[in-house]
Each structure stands twice: as C-alpha cells, then as structure tokens.
Amino acid sequence: MVAAERLYYTRGIAAVGIDDVRAEAGVSMRRLYQLYPSKEHLVAAYLDARDVRWRGRVAAHVDAAGDDPGERLLAVFDWLGLWFAEDDFRGCAFINAFGEIGGDSPLILAAVRRHKDLFRDYLVDLARAFPTDAPEVLAAGITLLAEGAMTVAAIGTDPDAAAHAKATAHVLLDAARR
C-alpha cells in the first residue's frame, strides 16, 4: 500500500499503471491481483488507508492543542499549515482523485465521499464542544474553510492559505459564540 500511495499521490492515478505499483512494491502481479482485483480496488484501498492516517494526524495535532474548544477547532488550520509546508504536498489526495476520476468509479467515489464525510463529522464533533447554538452550522463553515484552504494551497495561489483560513475561522468562532 505504501508504494501505491507514493505513486498515485505523486504522479496521479491515470499516470500510474498497475505494473508500476507492482514493480515499486516488489510483489508479483498475481499477488497484487489477489489482494486487489482491479486498479479501481487498489486506488480505493490506497485512499481508505490514507484517510485513516490523515485523520489520525489531524486528531493528534488537535488533541495536543488542549481542551479549549475554540483552540481545538483552530488547531485544524495549524495542522493544515504544517501539511501544506511538507516537501511532498501535492494537495488533497481525495480532491485529486475526484478531479481525475470524477464519478466514473463507484469505488473511488465512495472512498472520496467517505473521507470527506468523516472529516466533516470530526469537525461537527469538535464544534459540539464549542459554546454555540448552531454547532452544525459552525462545523459547516469550518469545513468549507479547511477544504478551500486545501484547494488554494494545492494550486499555489495563496502560500498562506491555512493562516488566512484560520483568521477567517476566528471571525466565524466569534460570531458563533453564545
């Protein structure tokens, strides 16, 4: 799975053939097809594995921010800024996969939607701890800011996308506070 992730994330899904993954992973084609009956299955599995790791990294960073609900929500943007600064940052793998494949692959589309739903649900959980009468609305705004920052950072139009999204999130938190 590490080889698949590295290749698909770096070069793109369409540009990487199943044989490229096989060679990079050092496994036989037979073994690869035993595990993943098609490229679609392999890509969906790569996305699911990336989702678990990605959300785990976000949660660990947020947990390290302490107990204050506002600081925990804002820590999401601090983590995004760290991620955007990584040498191998190529944007959101899920947005990239959807952009490449769109709705043509039910398995890949399901993996993309699952990740986005789980990330939104995580933000809803964080927002429910914040003193507001509308945690779902607050989480929707935070989600849009985070997703927008990911897109802007990936295309390189704002090198400070995470910081700008965080500043906007501050305004949103102030407005949402009871």
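Summarised in this report is the structure supplied together with it. What you see is a predicted model, and the numbers here were worked out from it, not measured in a lab. Position numbers for residues count from 1 along each chain, tracking the sequence in the order it is written. pLDDT decides what is reported in this predicted model: residues at 70 or higher carry local features, side-chain atom pairs at 80 or more are listed and counted, and totals for whole chains, interfaces and linings draw on all residues regardless. With hydrogens and water set aside, each side-chain value is computed from the structure's full complement of heavy atoms.

Section: the layout of surface pockets
Here is the rule: As defined here, a cavity is a set of points on a 1 Å grid over the protein atoms alone where a 1.4 Å probe fits but cannot get out. A pocket is an open set with protein on both sides within 12 Å along at least five of seven lines, and residues line them when an atom is within 4 Å of a point. Grid points are joined across faces, edges and corners, and a volume is the space filled by probe spheres set on the points. Note on residue categories: nonpolar means Ala, Val, Leu, Ile, Met, Phe, Trp, Tyr, Cys or Pro, charged means Asp, Glu, Lys or Arg, and polar means any other residue, Gly included.
The calculated volume of the largest pocket comes to roughly 190 Å³. Around the largest pocket, the lining residues are Glu5, Arg6, Tyr9, Thr10, Arg50, Arg53, Trp54, Arg57, Trp83, Glu86, Asp88 and Phe89. The class makeup of the residues in the lining of the largest pocket is four nonpolar, one polar and seven charged.

Some points on the packing of helix α1 (residues 2–11) against helix α4 (residues 39–64)
The condition is simple: Angles here are taken between N-to-C directions and fall from 0 to 180 degrees, while the axes themselves are lines fitted to C-alpha atoms, restricted in helices to the stretch in contact. A run of H or I in DSSP counts as a helix once it spans at least four residues, and a run of E counts as a strand once it spans at least two, with each numbered from the N terminus. For this classification, under 35 degrees means roughly parallel, over 145 means roughly antiparallel, 65 to 115 means roughly perpendicular, and everything else is oblique. It only takes one pair of heavy atoms within 4.5 Å for two residues to be counted as in contact.
For the pair α1 and α4, interaxial distance at closest approach is 10 Å and the crossing angle is 95°. Put simply, α1 runs roughly perpendicular to α4. Listed contacts from α4 to Ala4, Glu5, Tyr8 and Tyr9 of α1 are Lys39, Leu42, Val43, Tyr46, Arg50 and Arg53.

A few points about α4
Heads up, the condition is: The span expected for a helix works out to 1.5 Å for each residue beyond the first.
With 26 residues, α4 should reach 38 Å at 1.5 Å per residue; the first-to-last C-alpha distance of 37 Å fits that figure. In the core, the buried residues of α4 are packed alongside α1, α2 (18–25), α5 (69–84), α6 (93–101), α7 (106–128) and α8 (135–155).

As for the packing of aromatic side chains
The following threshold applies: The aromatic pairing rule takes the rings of Phe, Tyr and Trp, using the six-membered ring of Trp, and pairs them if the centres are within 6.5 Å, calling planes under 30 degrees apart stacked, those over 60 edge-to-face and the rest tilted. Relative accessibility thresholds used throughout: buried, under 20% of the residue-type maximum; exposed, over 50%; partly exposed, between the two (1.4 Å probe, protein chains only).
Summed over the entire model, instances satisfying the criterion amount to eight aromatic pairs. Look at Trp79 and Trp83: their rings are 5.5 Å apart centre to centre, the planes differ by 20°, and that puts the pair in the stacked class. Placement of both Trp79 and Trp83 in helix α5 is noted, with a separation of four residues, approximately one turn of the helix. Trp83 shares its class with Trp79; the two are buried. Each ring, one from Phe84 and one from Phe89, has its centre 5.1 Å from the other, and the planes form 50°; the classification is tilted. In this pair, the class of Phe84 matches that of Phe89, namely buried.

Structural notes on helix α9 (residues 161–176)
Formally: This arc is taken over the directions from the axis of the helix to the C-beta atoms.
With 16 residues, α9 extends 22 Å between its outermost C-alpha atoms, agreeing within 8% with the 22 Å of an ideal straight helix rising 1.5 Å per residue. Restricting attention to buried positions, one finds in α9 the residues Ala161, Ala162, Ala165, Ala169, Leu173 and Ala176. Each buried residue of α9 sits inside an arc of 105° when the element is viewed along its axis, so together they form one side. Every exposed residue of α9 that faces more than 90 degrees away from the buried side is listed here: Val171, Asp174 and Ala175. Buried residues belonging to α9 abut α5 and α8.

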